[in-house]
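Listed here are the chains, written in short residue letters.
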Protein chains: 2
Amino acid sequence: MITAFENYLRQETSLSDADIHQISSLAIRRKLRRNEFLFREGEVCRHKVFVISGLLRIFGMTPDGGEHILQFSPETTWTIDAESYDRQTPSIYNIDAVEPSELLLWTKADFDSLLTRIPQLKKFAEQLISGNTYSGRRRLLTALSATPEQKYEDFVQTFPRLLSRLPLRMIAGYLGISLKTLNRVRQAQLLRS
Amino acid sequence: MITAFENYLRQETSLSDADIHQISSLAIRRKLRRNEFLFREGEVCRHKVFVISGLLRIFGMTPDGGEHILQFSPETTWTIDAESYDRQTPSIYNIDAVEPSELLLWTKADFDSLLTRIPQLKKFAEQLISGNTYSGRRRLLTALSATPEQKYEDFVQTFPRLLSRLPLRMIAGYLGISLKTLNRVRQAQLLRS
DNA sequence: CTAAAAAAAGGTCATTTGACCTTAATTTCT
DNA sequence: AGAAATTAAGGTCAAATGACCTTTTTTTAG
């Protein structure tokens with residue numbers, strides 16, 4: 001429902017009801033089945049995406065078919081390949097649905113016009129982008145320096161709600177370790193507790 | 001010299017000479033000796049930094065003393081811990097000088113006022129930040145998915161000029177591999193060529 | 001509800017990687 | 001220029017990791 005999105009905006013911003021309505025009036029509703037793609041690498045990321053319900057992921061694929069996950073986007077978050085969206089150039093990433101999902105989409109043209117018409121929205125969007133950049137940095141540091149145990153522990157702490165919703169192979173793909181190693185880590189934890 | 005900075009702005013932007021002068025007039029000059037810190041983790045990143053000459057790095061330290069490098073900043077680039085700078089909160093990273101370096105610094109207050117007074121500058125700054133975000137993403141994907149060989153090859157391709165200026169242990173720290181592994185990769189390359 | 005598909009878990013093994021140590025080469029600094 | 005410090009490189013070894021395969025369990029979709 002669009003209502004869920006409007007509630008989200010009311011909760012997270014101090015936008016007026018008129019502004020909120022203007023924003024949602026330009027949204028396109030879309031559903032994705034499990035495993036359905038929003039776009040594939042080589043295609044242009046043409047929309048801003050808000051996840052009403054469900055769970056998306058953005059990931060890169062290695063030649064041998066390995067999937068390396070950059071980010072999960074559960075309900076009430078946004079997703080996009082910023083590089084492809086901003087420049088309207090082919091993406092090197094894929095986005096698909098881990099669970100059946102309901103989305104709101106805005107074309108870049110529409111969203112850009114909203115950003116100029118509603119400075120509050122622009123500010124809010126910038127905050128989201130900044131937060132994403134910060135967490136991306138922290139994630140890079142973890143990827144460079146942490147052991148598999150630490151990476152997994154970090155994931156559990158950071159995304160406790162996602163744990164039960166994701167196949168372990170995707171968590172492994174997010175952490176940059178093999179499923180085998182992830183299983184070993186989890187086994188070791190069971191023994192310890 | 002401040003001239004180097006002004007030339008950089010003339011080259012990279014279409015800012016007026018008056019604007020450029022206004023920007024550089026608020027800059028604080030600072031020199032860093034080799035290995036000298038700009039700030040350490042726990043401190044707040046209080047300045048925007050432009051590197052006139054030399055080479056800085058931003059890195060995180062693990063409890064055992066391991067250094068994991070997020071980014072190198074050679075001459076005519078900027079550096080900062082954005083999270084600490086934006087929020088003026090303690091940083092979890094360190095910045096120090098790999099080579100003796102000449103810097104220009106702006107306090108956040110000064111730079112913020114420049115950003116509001118000079119919309120062009122704001123646009124330019126946003127472009128730089130975006131570019132950084134995009135490359136950070138790509139870097140994360142590499143960190144998650146690439147073999148040591150591929151990581152090193154990628155580094156050589158991306159930063160050919162830095163190769164000869166950095167101790168190998170720092171390149172290892174940037175790639176997230178041990179010095180031993182880096183040496184092995186380089187040995188293998190010598191044989192192949 | 002049931003058949004089919006996907007996921008988890010476990011076993012085995014070869015390889016990679018890093019830890020630790022030593023030696024040689026290079027660089028820095030006074 | 002010369003002493004001290006840093007860096008590179010190499011040897012050895014144990015541990016960690018991933019590849020590959022099988023079996024069992026769970027989930028999905030018709």
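Just so you know, the residues in each chain are numbered from 1, in the order the chain's sequence is written. Naming scheme: in the order in which they are written, chains are lettered from A and ligands are numbered from 1. For this predicted model, a pLDDT threshold of at least 70 governs which residues receive local features, and a threshold of 80 or more governs which side-chain atom pairs are given and counted, while totals over whole chains, interfaces and linings are taken from all residues. Each side-chain value is derived from all of the structure's non-hydrogen atoms; neither hydrogens nor water enter the calculation.

Undergrad: Tell me about the overall build of chain A, and please be specific about residues and values.
TA: Secondary structure summary: chain A contains eight helices and six strands in total. Segments assigned H or I by DSSP are reported as helices when at least four residues long, segments assigned E as strands when at least two residues long, and all are numbered from the N terminus. Listing the helices and strands of chain A from first to last along the sequence gives α-α-β-β-β-β-β-α-β-α-α-α-α-α. Using C-alpha atoms as the atom set, the radius of gyration is obtained and then compared with a globule rule of 2.2 Å times the number of residues to the power 0.38. Taking 193 residues into account, the globule formula puts the C-alpha radius of gyration at 16 Å, and chain A, at 18 Å, falls close to it. Burial analysis of chain A (193 residues in total) assigns 45% to the buried set. Counting contacts in chain A only where the partners sit at least 6 residues apart, residues at least 24 apart contribute 68% of the total. Accessibility here uses a 1.4 Å probe with only protein chains present; expressed as a share of the type maximum, an area under 20% marks a residue as buried, one over 50% as exposed, and anything in between as partly exposed. By definition in these notes, contact holds between two residues if any of their heavy atoms fall within 4.5 Å.

Undergrad: Outline helix 4 (residues 108-117) of chain A, listing residues and values.
TA: Residues and elements named next belong to chain A. If you check which residues of helix 4 are buried, you get Lys108, Phe111, Leu114 and Leu115. All buried residues of helix 4 lie within an arc of 125° about the axis, which places them on one face of the element. Projecting away from the buried face of helix 4 at angles above 90 degrees are the exposed residues Ala109 and Thr116. Packed against the buried residues of helix 4 are helix 2 (17-25), strand 3 (47-61), strand 5 (77-79), helix 3 (82-87), strand 6 (94-107) and helix 5 (119-145). Here the arc refers to the set of directions running from the helix axis out to each C-beta atom.

Undergrad: Hey, could you go over the protein's contact with DNA strand C for me, with residue numbers and the actual values?
TA: Around DNA strand C, a shell composed of 13 residues is seen, among which Leu168 and Lys180 of chain A together with Ser178, Thr181 and Arg184 of chain B lie nearest. Those atoms of DNA strand C that come within 4 Å of the protein belong to sugar or phosphate at a rate of 55%. Within the side chain of Lys180 of chain A, a nitrogen or oxygen atom sits 2.8 Å from a base nitrogen of DNA strand C. Within 3.5 Å is the distance limit for a polar contact, defined as a pair of N or O atoms, with the added protein rule that one can donate a hydrogen and the other accept it, and that residues adjacent in sequence qualify only through two side-chain atoms. Between DNA strand C and Ser178 of chain B, the relevant distance is 2.7 Å, taken from a phosphate oxygen to a side-chain nitrogen or oxygen of the residue. Secondary structure elements with two or more residues in the surface near DNA strand C: helix 7 (168-175) and helix 8 (179-192) of chain A together with helix 8 (179-192) of chain B. The nonpolar class holds Ala, Val, Leu, Ile, Met, Phe, Trp, Tyr, Cys and Pro. Asp, Glu, Lys and Arg form the charged class, and all remaining residues, Gly among them, are polar. Taken together, the residues of the surface near DNA strand C sort by class into four nonpolar, four polar and five charged. Put simply, a residue is near a molecule or strand once any heavy atom of it comes within 4 Å of that molecule or strand.

Undergrad: Any details on the protein's contact with DNA strand D? Residues and values, ideally.
TA: For DNA strand D, the set of nearby residues contains 13 residues, the closest of which are Ser178, Thr181 and Arg184 of chain A together with Leu168 and Lys180 of chain B. In the interface set of DNA strand D, defined as its atoms within 4 Å of the protein, sugar plus phosphate atoms amount to 57%. Between a base nitrogen of DNA strand D and a side-chain N or O atom of Arg184 of chain A, the distance comes to 2.6 Å. The separation between a phosphate oxygen of DNA strand D and a polar side-chain atom of Arg169 of chain B is 2.9 Å. A class-by-class count of the residues in the surface near DNA strand D yields four nonpolar, four polar and five charged.

Undergrad: Account for the interface of chain B and chain A, with residues named and values stated.
TA: Put simply, an interface is often sized by how much accessible area is lost when its parts join up. Taken together, the contact between chain B and chain A spans 30 residues of the former and 30 residues of the latter. Summing both sides of the interface, chain B and chain A together bury roughly 2,600 Å²; the carbon and sulfur share of this comes to 63%. Contact with chain A buries area across many residues of chain B, yet Tyr134, Arg137 and Leu144 of chain B alone supply 29% of it, more than any other trio. The salt bridge criterion pairs a side-chain nitrogen of Lys or Arg with a carboxyl oxygen of Asp or Glu, the two atoms within 4 Å. At the boundary of chain B with chain A, the tally comes to two salt bridges. The shortest N-O distance in the salt bridge between Arg138 of chain A and Glu83 of chain B comes to 3.0 Å. Viewed at the interface, chain A and chain B are joined by five residue pairs in polar contact (both at pLDDT 80 or more). Broken down by secondary-structure element, the contributors of at least two residues to the side of chain B that touches chain A are strand 3 (47-61), strand 4 (67-74), helix 3 (82-87), helix 5 (119-145) and helix 7 (168-175) of chain B. Among the elements that line the side of chain B that touches chain A, the one with the most residues is helix 5 of chain B, at twelve residues. Class assignment of the residues belonging to the side of chain B that touches chain A gives a composition of 14 nonpolar, nine polar and seven charged. Here the quantity called buried area is the accessible surface, traced with a 1.4 Å probe, that two parts lose on coming together, added over both.

Undergrad: I'd like a rundown of the packing of helix 4 (residues 108-117) of chain B against helix 5 of chain B, residues and numbers included.
TA: Residues and elements named next belong to chain B. Every axis in this analysis is a line fitted to C-alpha atoms, fitted for helices over the stretch in contact. Angles between the N-to-C directions lie between 0 and 180 degrees. Close contact between helix 4 and helix 5 brings their axes to 5 Å; oriented N to C, the two are set at 110°. It follows from the interaxial angle that helix 4 and helix 5 lie roughly perpendicular. For the pair helix 4 and helix 5, contact is made by Phe111, Leu114, Leu115, Thr116 and Arg117 and by Pro119, Leu121, Lys122 and Ala125, respectively. Residue composition of the contact of helix 4 with helix 5, grouped by class: six nonpolar, one polar and two charged. In this scheme, roughly parallel covers angles under 35 degrees and roughly antiparallel covers those over 145, while 65 to 115 is roughly perpendicular and the rest are oblique.

Undergrad: I'd like to hear about the layout of surface pockets, residue by residue, with values.
TA: Think of a ball as big as a water molecule: rolled over the atoms, this probe shows where empty space is left. The way it works is a 1 Å grid over only the protein atoms, where trapped points that fit a 1.4 Å probe form a cavity and open points with protein on both sides within 12 Å along at least five of seven lines form a pocket, and then any residue with an atom within 4 Å of a point lines it. Grid points are joined across faces, edges and corners, and a volume is the space filled by probe spheres set on the points. By volume, the second largest pocket is sized at about 270 Å³. In this structure, the second largest pocket is lined by 18 residues; those nearest its centre are Lys151 and Gly176 of chain A together with Ala143, Leu144 and Lys151 of chain B. Class assignment for the residues of the lining of the second largest pocket results in eleven nonpolar, five polar and two charged.

Undergrad: Run through the relation of the copies chain B and chain A, naming residues and quoting values.
TA: In the superposition of chain B on chain A (RMSD 0.0 Å, axial shift 0.0 Å), the rotation amounts to 180°. The operation mapping one copy onto its partner corresponds to a two-fold rotation axis. Looking at the rotation axis and the C-alpha trace of chain B, the residue lying nearest is Leu140 of chain B, at 2.9 Å. Interface overlap between copies is the fraction of interface residues in one copy that are interface residues in the other; for chain B against chain A it reaches 100%, indicating a shared surface. Least squares is used to superpose the copies, and the fit set is the C-alpha atoms of residues whose pLDDT is at least 70 in both copies.

Undergrad: Would you mind going over the domain arrangement of chain A in detail, with residue names and values included?
TA: All names here are of chain A. Taken domain by domain, chain A consists of domain 1 (2-145) and domain 2 (146-193). Taken over C-alpha atoms, the centre of domain 1 sits 25 Å from the centre of domain 2. With 19 residues of domain 1 at the contact, the number on the domain 2 side is 13 residues. Of the roughly 1,200 Å² buried at the junction of domain 1 and domain 2 (both faces included), carbon and sulfur atoms supply 57%. Considering only the side of domain 1, the residues that lose the most area to domain 2 are Phe72, Arg139 and Thr142, jointly responsible for 38% of the buried surface there. Where domain 1 meets domain 2, there are three salt bridges. At the boundary of domain 1 with domain 2, the tally comes to six residue pairs in polar contact (both at pLDDT 80 or more). Contributing elements (two or more residues each) for the side of domain 1 that touches domain 2: strand 3, strand 4 (67-74), strand 6 and helix 5. What counts as a domain boundary in this text is fixed by an automatic or database domain assignment.

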